[in-house]
Amino acid sequence: QVQLVESGGGLVQAGDSLRLSCADSGRTFSGYAMGWFRQAPGKEREFVAGVSWSGESTSYADSVKGRFSISRDYAKSTVYLQMNSLKPEDTAVYYCAAVRRDYKSVDFWGKGTLVTVSS
């Protein structure tokens, strides 16, 4: 069973950077591609970024391309989301997920971490 715990959220100003972490306390981390999703108030949850099980392939939503970077560390069973040049519209609860190859089909969710970007 994959058990995902996010951390690193907080309140930052526009233009700042933040790094989210997602640690898997289970034993199947290496068997999954991993993804980050977010849900802003009053909006549906949306895909943000994904990384393949090997870590060699990544995918990003258009809204974050060039600003966000996803990576994974097998030694720590952790996936990261580096977020640069943050904007107020990036404000959301960010969720880590164990996903299928398409990065959109989710098998396991984390509980989320709140990111608030002030203008």
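Basis of the calculations
Residues numbered from 1 in each chain as written. Predicted model: local features only at pLDDT ≥ 70, side-chain atom pairs only at ≥ 80, totals over all residues. Heavy atoms only, no water. Helix = DSSP H or I, 4+ residues; strand = E, 2+ residues; numbered from the N terminus. Rg over C-alpha atoms; globule rule 2.2 N^0.38 Å. Buried < 20%, exposed > 50% of the residue type's maximum accessible area, 1.4 Å probe, protein only. Disulfide = S-S within 2.5 Å. Pairing = 2+ DSSP bridges. Axes fitted to C-alpha atoms, helices over the stretch in contact; angles between N-to-C directions. Contact = heavy atoms within 4.5 Å.

**Q** Tell me what's going on with the overall build of the protein, and back it up with residues and numbers.
**A** Regarding its fold elements, the protein presents zero helices and eleven strands. Mapped in sequence order, the helices and strands of the protein form the string β-β-β-β-β-β-β-β-β-β-β. Its C-alpha radius of gyration of 13 Å places the protein within 12% of the 14 Å reference for a compact globule of 119 residues. Across the 119 residues in the protein, those meeting the buried criterion constitute 41%.

**Q** Which residues make up the state of the cysteines, and what values go with them?
**A** The tally for this structure, following the rule as stated, stands at one disulfide. A disulfide bridge connects Cys22 with Cys96, and the sulfur atoms are separated by 2.1 Å. Of note, the bridge from Cys22 to Cys96 carries an S-S torsion of about -80 degrees and is left-handed in sense. Here Cys22, found in strand β3 (residues 18–24), pairs with Cys96, found in strand β9 (residues 92–99); they are 74 residues apart in sequence, far enough to count as distant. For the pair formed by Cys22 and Cys96, the shared burial category is buried.

**Q** Help me get a handle on the sheet that holds β3, residues and values and all.
**A** The strand order across the open sheet built from four strands is β1-β3-β8-β7, with neighbouring strands paired in antiparallel fashion. Among the strands making up the open sheet, the edge pair consists of β1 (4–7) and β7 (68–73). If you compare each strand with its neighbour and ignore which way they point, the axes differ by 15 degrees on average. As paired strands, β1 and β3 are joined by four bridges and run antiparallel to one another. Paired with Glu6 across the strands is Cys22, a residue of β3.

**Q** Give me the lowdown on unusual backbone geometry, citing residues and values where you can.
**A** The backbone of Ser77 sits at a positive phi, close to 50 degrees, despite the residue not being glycine. In this fold, Ser77 is placed in the loop between β7 and β8 (78–83). When its relative accessible area of 21% is taken as the criterion, Ser77 is described as partly exposed. At Tyr103, a position not held by glycine, the phi torsion is positive, near 70 degrees. Relative to the assigned elements, Tyr103 resides in the loop between β9 and β10 (106–109).

**Q** Account for the environment of Val5, naming residues and giving values.
**A** Here Val5 lies in strand β1. With a relative accessible area of 52%, Val5 lands in the exposed category. It is 19 Å that separates the C-alpha atoms of Val5 and Arg100, two residues lying 95 residues apart in sequence. Those residues within four positions of Val5 in sequence are excluded, and the remaining contacts are Ser21, Cys22 and Ala23.

**Q** How would you explain the environment of Leu18 if you had to name every residue and give the values?
**A** Looking at the secondary structure, you find Leu18 in strand β3. Judged by relative accessible area, which is 15%, Leu18 ranks as buried. As a C-alpha pair, Leu18 and Ser85 span 67 residues in sequence and 9.1 Å in three-dimensional space. With near-sequence residues (within four places) excluded, Leu18 lies in contact with Gly8, Gly9, Gly10, Val12, Leu81, Gln82, Met83, Leu86 and Val115.

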